[in-house]
Amino acid sequence: MMQRLVDNFLAVTKESVKTITYESLSNILRLINGISALLLSILPGKANILEGIQGWELRPKVRGPRLPRWMENGVSSFNHFVHELSVDYDSIASNAEHLSEDTIDDFDDAYIVPASPLTPNLVFSRAASFAKRERNRRHWIVSIIMFLLIPARIMFGIPFYFCKRIFNDGVRSHTTNYHRRVSSSNATKKALDHCVQRATDRRRGIIEDLHLGIEIVIETIFDVIHHVMRCLLSPLDSLRMLLRWSSSSSSSDNTKIHSSDANAIVPTATLADTDPTPTEKKTTLSRTLNTDARTCRDVITELGYPYEAINVVTSDGYVLLLERIPRRDSKKAVYLQHGVFDSSMCWVSNGIVGSPAFAAYDHGYDVFLGNFRGLVSREHVNKKLSSRQYWRYSINEHGTQDLPALIEKINEVKTSELKSSSQTEESNSDQPYKLCAICHSLGGAAILMYIITRRVENKPHRLCRSIMLSPAGFHHDSPFFFTVIEYTCLWLAPILAPILPGLYIPTRFFRMLVNKLARDLQNYPAVGGLVQTIMSYVVGGDSSNWVGVMGLPHYNMNDMPGVSFGVARHLAQIKHAKRFVMFDYGSREANMAVYGTPEPLDLGEKYSLIDVPIDLVAGMKDKVILPSMIRKHYRTMKDGGVNASYKEFEYAHLDFTFSHREELLEYVMSRLLLVESKHRTLKLKRKDEILDVK
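Below: a short report on this structure. The structure presented is a predicted model; accordingly, all values stated were derived computationally and were not measured.

In this structure, Val367 and Ile610 are the most contacted members of the largest nonpolar core, which totals 105 residues. Excluding residues within four positions of it along the chain, Ile610 makes contact with Leu448, Ile451, Ile452, Met637 and Val642.

Once that is clear, we can look at a nonpolar patch on the surface. On the surface, Met2, Leu5, Val224, Val228, Leu232 and Leu233 cluster together into a nonpolar patch covering about 570 Å² of accessible area. Within the residue set of the nonpolar patch, elements represented by two or more residues are helix 1 (2-42) and helix 6 (206-233). Looking at which element gives the most residues to the nonpolar patch, the answer is helix 6, with four residues. Inspection of the secondary structure assignment puts Val224 in helix 6. For Val224, a relative accessible area of 48% gives the class partly exposed.

Looking now at helix 6. In this model helix 6 runs 40 Å from its N-terminal to its C-terminal C-alpha over 28 residues, within 8% of the 40 Å that 1.5 Å per residue would give. Where helix 6 is buried, its residues touch helix 1 and helix 19 (508-523).

Quick look at helix 1 now. Over its 41 residues, helix 1 runs 59 Å from end to end, which matches the ideal 60 Å to within 8%, given 1.5 Å per residue. Every buried residue belonging to helix 1 is among Gln3, Val6, Leu10, Lys14, Lys18, Leu25, Ser26, Leu29, Asn33, Ser36, Ala37 and Leu40, and all of these are buried. Those residues of helix 1 that are buried lie in contact with helix 6 and helix 20 (525-538).

Another point: the side chain of Ser441. Within the fold, Ser441 resides in the loop between strand 9 (434-440) and helix 16 (442-456). Here Ser441 falls in the buried class, since its relative accessible area comes to 6%. In this structure the side chain of Ser441 is engaged in a polar contact, spanning 3.2 Å, whose partner is the side chain of His653. Apart from residues no more than four positions distant in its own chain, Ser441 is found in contact with Gly339, Leu469, Ser470, Pro471, Ala472, Ile625 and His653.

Turning our attention to unusual backbone geometry. With phi around 55°, Arg378 is a residue other than glycine that occupies positive phi space. Residue placement: Arg378 occurs in the loop between strand 8 (366-370) and helix 14 (387-390). Here Arg378 falls in the partly exposed class, since its relative accessible area comes to 33%. Phi at Ser441 is positive, roughly 55°, even though this residue is not glycine.

This part covers a negative patch on the surface. A grouping of Glu650, Glu662, Glu663 and Glu666 is seen on the molecular surface, where their side chains present a negatively charged patch. Here Glu666 is to be found in helix 26 (residues 662-693). Given a relative accessible area of 57%, Glu666 falls into the exposed group.

Inspection of every chain in the model, using the stated rule, returns 25 salt bridges. For Glu219, the salt bridge identified is with Lys14, shortest N-O distance 3.3 Å. Linking Glu219 in helix 6 with Lys14 in helix 1, this pair joins segments that are 205 residues apart in sequence. Among the salt bridges present, the one from Arg661 reaches Asp655, with a minimum N-O distance of 3.1 Å.

If you trace the backbone, Gly374 turns up in the loop between strand 8 and helix 14. Linking Gly374 and Tyr390, residues 16 residues apart in sequence, is a C-alpha distance of 8.3 Å.

All right, on to the sheet that holds strand 9 then. Strands sit in the order 5-6-8-7-9-10-13-14 across an open sheet of eight strands; the sheet is mixed. What marks the edges here is a single partner per strand, and that holds for strand 5 (308-313) and strand 14 (644-649). The sheet shows a mean angle of 20° between the axes of neighbouring strands, direction not considered. Bridge analysis of strand 9 against strand 10 (residues 463-469) gives six bridges, and the strand direction is parallel. Residue Cys439 lies in a different strand from strand 10, and its bridge partner there is Met468. Its contacts with the sheet place helix 15 (residues 395-420) against strand 5, strand 6 (319-325), strand 7 (332-337), strand 8, strand 9 and strand 10, and it is angled at close to 45° to strand 6.

Rules behind the numbers
- Residues numbered from 1 in each chain as written.
- Predicted model: local features only at pLDDT ≥ 70, side-chain atom pairs only at ≥ 80, totals over all residues.
- Heavy atoms only, no water.
- Core = buried A, V, L, I, M, F, W, Y, C linked by side-chain atoms within 4.5 Å.
- Buried < 20%, exposed > 50% of the residue type's maximum accessible area, 1.4 Å probe, protein only.
- Contact = heavy atoms within 4.5 Å.
- Patch = residues over 30% accessible without salt bridge, like charges linked within 9 Å, V, L, I, M, F, W, Y side chains within 5 Å.
- Areas by Shrake-Rupley, 256 points an atom, 1.4 Å probe, with all protein chains shown as cover.
- Salt bridge = Lys/Arg side-chain N within 4 Å of Asp/Glu carboxyl O.
- Helix = DSSP H or I, 4+ residues; strand = E, 2+ residues; numbered from the N terminus.
- Expected span 1.5 Å × (residues − 1).
- Polar contact = N/O pair within 3.5 Å; in protein donor to acceptor, adjacent residues only side chain to side chain.
- Lys, Arg positive; Asp, Glu negative; His and termini not counted.
- Charge placed at Lys NZ, Arg CZ, Asp CG, Glu CD.
- Pairing = 2+ DSSP bridges.
- Axes fitted to C-alpha atoms, helices over the stretch in contact; angles between N-to-C directions.

Function cannot be read off these values alone, since they describe shape.
Below, the structure written as structure tokens:
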């Protein structure tokens, strides 16, 4: 009995502590979310962030009075009851009118209520009162008989009670285990359904992990207290368990002999696999910690598209990942290049409908996704390369090392595939396909550098058109925050370069926290809106979805794109010089060794070497690279005789890649189709020339 009282007390106390802790933490989070909402409503122009959040209504509309919860369709439940009662009265009264006097006389126990304005003539029966009197008489008789049988009940009841108690204890142990299995299976099924519904966001946030951790700690503490109290209240049972444990430990040697069989891996096979060979299914650390570590490959294959990964080695030993959505028989290919702090994930992050990579593939293109050097995994031929040596590069290496290696690899793959097929018509051509480039931000600056340097070196660049979404290159007209970064990188470069060779999150733990923090910012939208506002102010008012980008899986605990200090320093040099220049190595001798001139090469002055059409796209809400800087590109290209076009959209900087913009996709696809139409025109002209010769 004492053990049961202690168990009940501990169970109630444990649940009370868990409830109080959970509610306290939830109230603190609600307070933080509310304060964030208050700050957003005070900040100028930021109140509209809360308009789409459920429960917040900053501009209430004029509406009619709200009815209480117990009123349905404008009528209270009590009025509804009165209405139904009056209907019943009307039906009974109508039946009473049809009753004849002879019929009423047949009911000896019936009487008629006189008519009134509210209740017309009603017929009531006395049979109910007689039945009630009969039930009371029967109850008294049964009570007297049970009182006389009390001694017999005591004599036979005590043995029956003990037998029932012993039987119930045995059954309870079996039913408890059964209900545990059933409840665990139901919980697993519910968890699986929840995971299926939330397939697009597989992570728990920090707050959810904190709730789970607190619950586990409370469960552990009370479990220890429960075992201690059980030992104190039932010492004989504790001694028996100790003896059983000691006897089982003596037979552990025999168990170790069969441990290899117990730890055997069960082979599994997945339904509908092309290769149904049983394979091992391993549990990854990211799945254990519930973080979203999907790669670009996972996104592409989950959506049902083909995928191919190609490792490319640059001339200086960096290993780059060239990803592909292959259409091997296609004679038109497109290469997509990401920007700073980004990866190929940006081109597939909006799903089938809103992603440029899938749109190009659906239009018949062979799609290639390039990745610059600069991942935290530091892939390099020299496995002993130090972190400081790995991050020693600038935009020069992106344009003169990464892109040549990636595009030459594309040329090698496409040429071998098309020339080996029987569909090749232009056997005399060195490049039997057309390659277009779509690039964003830093990728645009690298593509321009690549085209110009290849032209200077008299080497083919393989491109027939380039579409540049808010390209970097000119930055003298930029917000104050970038001016601070400019002078910090220029003045403190000798100090910061050895200490901070790369800008990235260094450890897996902190990368996991960032991955989970993005989930929390979605669960508490006012806090997320405040963080979004702060980041927007930092970058000069750019309205990109910075919080949403943080939640993308390419910022995960296993890997993430980083930026070298050399790239940041190069951008600072471009901004300070107010020209699109290559990296300045800091001395005339060093520049002479690389460029052959004491000053770095001015790429803007070499725009006349660009021999392919360039489509420039600017964002009117872009505060990272202002539209004035894109127009600077356009004017310089026009002065150099480049076939360039200029287009503006109402976008912020990250809207070009991380937002679903149908008009942008339509524009990009229309520019790609110009290459195809031009190619057809050239083929027709060539056929006409052949016919004229004949």
